[in-house]
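Architecture and fold: a report
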Amino acid sequence: MSSAAGQLEVFQEHRGRMFGIAYRMLGSATEADEILQDAWLRWQSVDHETIKEPAAFLAKTVTNLCLNQLTSARARRETYVGEWLPEPVLTGARLDDLGPLDEIAQRESVSFALLTVLEKLTPAERAAYVLREAFAYSHREVADLIGTTEANARQLHSRARKRVAADQEPHEVDAGKWRVFVERFLAAAQLGDIAGLESLLAADVVSRADSGGKARAARQAVIGRSNVARYLAGVLEKFGAGFTMHFAQANGEPVMLVADDEAVRAVVFVTIENGELVNLDFVMNPDKLGHVEAQLSRIGGVPGLG
């Protein structure tokens with residue numbers, strides 16, 4: 001494996017898992033790609049004759065790079081303009097950046113809601129949770145990967161699970177029912193039908209927009225049925241011309257893509273519970289849509305145009 005070709009072959013063999021670890025730990029596909037670039041440089045520079053288990057070495061390298069990144073990321077997010085939301089990744093047919101998401105547990109491990117909750121964990125807690133829950137590493141293996149004792153790895157994982165359970169209740173989305181609901185929602189919003197919108201919204205509905213100060217959007221969350229209905233109707237009235245809505249899938253769940261003639265301008269996550277819209281999340285920062293654009297270019301357009 002001393003040849004450059006052999007090194008690349010092994011690295012590519014484990015690339016999917018490495019990207020999966022980095023994305024779940026950082027909530028950013030762009031940062032995950034950067035982590036893999038750093039991991040590749042380290043992989044090239046080591047004495048491969050001393051590495052008995054390349055998979056373990058690469059996983060540990062990525063995990064530790066992510067732990068370092070999370071420390072600096074927290075400081076950057078404290079000065080981030082407006083709401084910070086995870087960076088979406090398109091999933092579904094021909095879009096395998098996150099690997100197959102055929103089971104509920106796999107979809108939940110990359111769900112937008114979970115990635116948002118994981119932001120509340122310490123870097124070590126997040127690493128322990130991701131490695132154990134998403135990749136089924138044993139507590140001993142987690143300890144080796146993050147450089148701690150097995151007992152501490154268990155404690156980190158236990159604390160993380162409790163915090164996640166307190167903030168998130170996993171649920172399976174029926175894509176067909178979701179689309180019917182969203183079509184009703186869009187029709188009311190486009191007509192400026194405030195009463196119609198309010199009938200679809202939960203009393204404590206929350207609308208958040210992540211623009212990073214680079215797109216027109218509210219910089220604070222809009223909360224409450226009446227406030228959200230009027231806000232959405234006003235936004236569509238002012239800025240809706242020239243945009244088209246497409247149905248797609250991101251992070252294992254149905255989403256809306258908002259696009260114009262030049263690019264995707266937003267990925268919209270709509271959370272529905274008990275027949276009401278409870279969360280509306282707009283990822284609008286152009287820096288967070290680059291990975292989505294790259295995926296679409298790769299497959300020649302938006303999958304599942306609606």
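Residues numbered from 1 in each chain as written. Predicted model: local features only at pLDDT ≥ 70, side-chain atom pairs only at ≥ 80, totals over all residues. Heavy atoms only, no water.

**Describing the sheet that holds strand β4 (residues 253–259)**
Selection criterion: Between any two strands, pairing holds if DSSP finds at least two bridges. A run of DSSP states H or I qualifies as a helix once it reaches four residues; a run of E qualifies as a strand once it reaches two. Both are numbered from the N-terminal end. Residue contacts are counted whenever heavy atoms from the two residues lie within 4.5 Å of one another. Fitted lines through C-alpha atoms give the axes, limited to the stretch in contact for helices. The angle between two N-to-C directions lies from 0 to 180 degrees.
Read from one edge to the other, the open sheet built from six strands follows the order β2-β1-β6-β5-β4-β3, with strand pairing classed as mixed. A single partner strand is all that each edge strand has here, and the edge strands are β2 (222–223) and β3 (244–250). Pairing analysis gives four bridges linking β4 to strand β5 (residues 264–273), with the strands arranged antiparallel. Within the sheet, the bridge partner assigned to V258 lies in β5 and is A266. In the packing of helix α12 (residues 225–239) onto the sheet, contacts are made with β1 (201–210), β2, β3 and β6 (276–283), and the angle to β1 comes to roughly 45°.

**Let's talk about the pairing of β5**
Selection criterion: Exposure is judged per residue with a 1.4 Å probe applied to protein chains only, and the accessible area is read against the type maximum: over 50% gives exposed, under 20% gives buried, and values in between give partly exposed.
Judged by how many residues are buried, β5 sits mostly within the fold: eight of ten residues are covered. In this structure, the hairpin formed by β4 and β5 is closed by a connection of four residues. Relative to β6, β5 runs antiparallel, the two being bridged by seven bridges. Its bridge partner lying in β6, V268 is registered against F282. Between β5 and β6, which pair antiparallel and follow one another directly, the connecting turn spans two residues, one of which, N274, has a positive phi of 55°.

**Focus on the side chain of T116**
Structurally, T116 is set in helix α6 (residues 112–118). A relative accessible area of 19% places T116 in the buried class. In this structure, T116 is in contact with P86 and R208, ignoring residues within four places of it in sequence.

**Re the pairing of β3**
Direction of pairing for β3 relative to β4: antiparallel, over a ladder of seven bridges. In the sheet register, A248 faces β4, and the bridge partner there is V255. The antiparallel pairing of β3 with β4 creates a hairpin that spans two residues between the two strands, and N251 there sits at a positive phi of about 50°.

**Describing the packing of aromatic side chains**
So the rule is basically this: Paired rings are identified among Phe, Tyr and Trp, the last through its six-membered ring, by centres lying within 6.5 Å, and are further divided according to the angle between planes into stacked (under 30 degrees), edge-to-face (over 60) and tilted (the rest).
According to the stated counting rule, one finds five aromatic pairs in the structure shown. Considering the side-chain rings of W43 and F57, the 5.8 Å spacing of their centres and the 45° angle between planes classify their relative orientation as tilted. Placement of W43 in helix α3 (residues 29–45) and of F57 in helix α4 (residues 54–78) is noted, with a sequence separation of 14 residues between them. The interplanar angle of 15° and the centroid separation of 3.9 Å between the aromatic rings of F112 and F269 together place this pair among those described as stacked. In this pair, F112 sits in helix α6 while F269 sits in strand β5, placing the two residues 157 residues apart along the sequence. Per residue, the accessibility class of F112 equals that of F269, and both read buried.

**Remarks on empty space enclosed by the protein**
Unfilled space is identified by rolling a water-sized probe across the atoms. Formally: A 1.4 Å probe that fits into a set of points on a 1 Å grid over the protein atoms alone but cannot get out defines a cavity; an open set with protein on both sides within 12 Å along at least five of seven lines defines a pocket, and lining residues are those with an atom within 4 Å of a point. Grid points are joined across faces, edges and corners, and a volume is the space filled by probe spheres set on the points. Each residue is assigned to one class: nonpolar for Ala, Val, Leu, Ile, Met, Phe, Trp, Tyr, Cys and Pro, charged for Asp, Glu, Lys and Arg, and polar for all the others, Gly among them.
Counted under the stated rule, the structure contains one cavity of 30 Å³ or more. In this structure, the largest cavity occupies an estimated 30 Å³ of space. In terms of residue count, the dominant contributor to the lining of the largest cavity is β1 (three residues). Considered class by class, the residues forming the lining of the largest cavity number five nonpolar, two polar and one charged.

**Here's the deal with the side chain of R24**
Spelled out, the test is: Under this rule, positive means Lys or Arg and negative means Asp or Glu; His and the chain ends count for nothing. Only one rule defines a salt bridge in this text: a Lys or Arg side-chain nitrogen within 4 Å of an Asp or Glu carboxyl oxygen. A 3.5 Å cut-off defines polar contacts: any pair of N or O atoms within that distance qualifies, except that in protein one atom must be a possible hydrogen donor and the other a possible acceptor, and neighbouring residues in sequence count only when both atoms are side-chain atoms.
Among the structural elements, R24 can be located in helix α2 (residues 15–26). One buried charged side chain, R24, makes no salt bridge at all; its nearest oppositely charged neighbour is E133, positioned 10 Å away. Among the polar contacts listed, one links the side chain of R24 to the side chain of S109, at a separation of 3.1 Å. Discounting chain neighbours no more than four positions away, the residues touching R24 are L98, Q106, S109, V110, L115, L118, R126, V130, A134 and F135.

**A look at a nonpolar patch on the surface**
Counted only if it meets this: Every patch collects residues that have over 30% relative accessible area and no salt bridge, joining them within 9 Å if they carry like charges and within 5 Å if they are nonpolar side chains (Val, Leu, Ile, Met, Phe, Trp, Tyr). Per-residue and other accessible areas were derived by the Shrake-Rupley procedure at a 1.4 Å probe size, with only the shown protein chains allowed to occlude residues.
Together, V235, F239 and F243 line one region of the surface with nonpolar side chains, adding up to about 210 Å² of accessible area. Within the fold, V235 resides in helix α12. With a relative accessible area of 30%, V235 lands in the partly exposed category.

**Some points on the layout of surface pockets**
The space that makes up the second largest pocket amounts to roughly 710 Å³. Contributing to the lining of the second largest pocket are 31 residues, with V235, F243, V258, A266 and M284 lying nearest its centre. Going through the elements one at a time, α10 (175–191), α12, β3, β4, β5 and α13 (290–299) are the ones with two or more residues in the lining of the second largest pocket. Among the elements that line the lining of the second largest pocket, the one with the most residues is α12, at five residues. Residue composition of the lining of the second largest pocket, by class: 23 nonpolar, four polar and four charged.

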